[in-house]
Each structure stands twice: as structure tokens, then as C-alpha cells.
Amino acid sequence: MKKLILFLAFMAAMTTSYAQKKLVLYFSETGSTKTVAEELQRQLQADIECIEAVTPYTGNFGETMQRGQREMQSGELPALKPLKSKLADYDVIFLGYPIWFGTYATPIATLVRDNDFAGKTIVPFCTFGSGGLNTSTDALVKALPKATIQSGYGVRTARVAAAPKELDRFLKERGFKEGTVEKLPEYSAQQPVTEAEKAIFDAACSSYQFPLGTPSTVGKRETAESTDYKFIVKSQGRNGAESTSTIYVTVGKEQGAQPEFTQVVR
């Protein structure tokens, strides 16, 4: 009887999730976040809207970073064009953005300052060079204390092609899409890195534009489609202080698959 009650409660929760009105709301500067947003909208069959700055960003990486840094340091956030969507009409908002300087892009800072998200469920998604999902989610929790901020989805710009499959799993795991997926195993306990594992790390990370450090230990897991690695990495900052980060690497099981690092968590 207890199992039946739990099953019925689970099914009721799933039905409620499917019935909630959803909006994919995103800012995209180069098009990478737009690609993920449109895939998310396709899988959810949700409404979608792009956030636009009154003074557009140029699309030039260097110019955008300079402008973004000025905006963050001065607190003079970019003005946005009015939204066409009425946020009050939605239960769940999938909020998308690129990562700038370790957090969400400055147009998102304007958005959360100027709009009422009280009572909304916010699901972050982002694109990045190395990482930033965790730090930007923490920033949303602080900026929107009256909203429910769920764990989100992030993908490296270099791996946007992996988004459709990863989003399918993400949405099914969280009950936003019908269907089930096999639960991923836990990573093994951390062990000293072998020469072979160091070679996998180097193959995944050495071409990245900035040095990511030296792996000291690693945990692993095997899935049906890949072997995944969780490296604990030591590096030195510009001030000479040692820091520790976690770098995730995956190697697909298809023939010729190359190691890819999926994100850095600092």
C-alpha cells in the first residue's frame, strides 16, 4: 500500500510538472546560448524569448569583455528592451546566458534587478569557456531570494553539439519531459593520477587557451556511452597562491572518440 501511495504521489508530481507553463528566456551574445535555448524550447515545446540590450553588444570577444568588465565594475548595467512575454503568466522560467567573468552576463543582472520573479521556479542554463554554472547559480540564489532556483545545465561553447542529448537527460531526470533515463553511477573515490590518466587529462585540456593546472587525484565512472573522469587539479593564481579546482573529462566509447573536458568547478 505504501509503495502504491508513493507511486501515485510521484505521478501526480510529474503531471503537475508537465502542466506548468514554461518560458525559455535567454541572452545570447555570439549565438551559442541561442543554440542551446532553441534546443531546450524544442524539447520542452515551451514559449521562448531573447533578451536584448538597448545598445547591442558587438559580437567581438575583446570588445564585449571590455564593456562587460566596465559594467560590472561601475555597476552601470545595460538597459534592456522591454520583454514581450509577461513573466506573471509562467510557472517555470528557464533562464539562459553566457558566463562572463565567472558569473551570468551583465544583461541578466539588469533583468533580475528590474523584474519580479517572486514565486517563480528558475532553471538556469548557460554556455561557457571552462565553467561557471555553479557560481552563476549561487549568484541567482542571492539575487532572487523569493524565487526557487533549481540546479541547472551548462555546456562548454566548444561542446554545444552535445547539448541535445545532454538536455534530453537533464529534462527527463528533473521531470520536465516524459520518459526515463538510466541513473548515472557515482564517481569512484579519488586516487593518485596514473601516467595514462595524466595523458587523458592533457589530451582533453592542453589545447585550452589558459593553463588549467596539474591533476593530483582522479575518480572515475563507467556509463553505457563513456568513461568519465573527475580530476582534482592544483594550479597557481596570478598572485602566486595555490588553488584547487575540479575538472570533469569524458571519453566517448565510439571508435576514434577523443577526451573532452566538460567543465571546471572552482
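Residue indices follow the written sequence of each chain, beginning from 1 at its first position. Local features in this predicted model are restricted to residues whose pLDDT is 70 or higher, and side-chain atom pairs enter the listing and the counts only when it is 80 or higher, whereas totals over whole chains, interfaces and linings include all residues. Values reported for side chains reflect all heavy atoms of the structure, with hydrogen atoms and water molecules removed beforehand.

**Brief notes about the packing of helix α2 (residues 32-44) against helix α6 (residues 163-173)**
To keep things clear, this is the line we draw: Comment: axis = line fitted to C-alpha atoms, over the contacting stretch for helices; angle = value between 0 and 180 degrees taken between N-to-C directions. Runs of H or I in DSSP of at least four residues are treated as helices and runs of E of at least two as strands, each being numbered from the N terminus. Here roughly perpendicular refers to angles of 65 to 115 degrees, roughly parallel to angles under 35, roughly antiparallel to angles over 145, and oblique to all remaining angles. Crossing handedness is defined as follows: a turn of the near helix away from the far one that is anticlockwise and smaller than a right angle gives a left-handed crossing, while the clockwise case is right-handed. Note on contacts: a residue pair qualifies if any of its non-hydrogen atoms lie within 4.5 Å across the two residues. Put simply, Ala, Val, Leu, Ile, Met, Phe, Trp, Tyr, Cys and Pro go in the nonpolar bin, Asp, Glu, Lys and Arg in the charged bin, and everything else, Gly too, in the polar bin.
Remark: α2 packs on α6, axes separated minimally by 10 Å, with the N-to-C direction vectors making an angle of 45°. When the axis of α2 is compared with that of α6, the two are oblique. Every pair of crossing elements has a handedness; the one defined by α2 and α6 is right-handed. Facing α2, whose interface residues are Val36, Glu39, Leu40, Gln43 and Leu44, α6 presents Ala163, Pro164, Leu167, Asp168 and Leu171. Of the residues that constitute the contact of α2 with α6, the class distribution is 7 nonpolar, 1 polar and 2 charged.

**Section: the confidence of the model for the protein**
Rules: The quantity known as pLDDT measures the predictor's confidence residue by residue, on a range of 0 to 100.
Residues of the protein with pLDDT of at least 70 account for 93%, and the chain-wide mean is 92. Here residues 2-16 scores under 50 on pLDDT; set against residues more than four positions off or in separate chains, the count is 1 contact.

**A few points about the packing of aromatic side chains**
Going by this rule: Aromatic pairing here means that ring centres of Phe, Tyr or Trp (its six-membered ring) are within 6.5 Å. Orientation follows from the plane angle: under 30 degrees is stacked, over 60 is edge-to-face, and everything else is tilted. Relative accessibility decides the category of a residue: with a 1.4 Å probe and only protein chains considered, values under 20% of the type maximum give buried, values over 50% give exposed, and everything between is partly exposed. Two thresholds decide whether a charge sits over a ring: the Lys NZ or Arg CZ must be within 6 Å of the ring centre and within 35 degrees of the ring normal.
In the structure shown here, the tally under the stated rule is 11 aromatic pairs. Centre to centre, the rings of Phe201 and Phe231 are 5.1 Å apart; their planes meet at 70°, and the pair counts as edge-to-face. With Phe201 in helix α7 (residues 195-205) and Phe231 in strand β10 (residues 226-236), this residue pair connects regions lying 30 residues apart in the sequence. Look at Phe201 and you get buried, because its relative accessible area is 2%. Phe231 gets classed as buried once you look at its relative accessible area, which sits at 0%. The lysine or arginine in question, Lys21, covers the ring of Tyr90, its NZ or CZ lying 5.1 Å from the ring centre. If you follow Arg156 out to its NZ or CZ, it ends over the ring of Phe261, 3.7 Å from the centre.

**Details of the pattern of salt bridges**
Working definition: two side chains of opposite charge can pair if their charged atoms are close together. To keep it simple, the criterion reads: Salt bridges are defined as contacts in which a side-chain nitrogen from Lys or Arg sits within 4 Å of a carboxyl oxygen from Asp or Glu.
Counting across every chain of the model gives 16 salt bridges. Of the charged contacts, one joins Lys165 and Glu225 as a salt bridge, the two residues approaching to 3.6 Å between their closest N and O atoms. One end of the pair, Lys165, is in helix α6; the other, Glu225, is in the loop between β9 (214-222) and β10, with 60 residues separating them in the sequence. We classify Lys165 as exposed; its relative accessible area is 57%. Notably, a salt bridge pairs Glu173 with Arg174, separated by 3.3 Å at the nearest N-O pair. A relative accessible area of 42% places Glu173 in the partly exposed class. Linked by salt bridges that have partners in common, Arg159, Glu166 and Glu260 make up one network.

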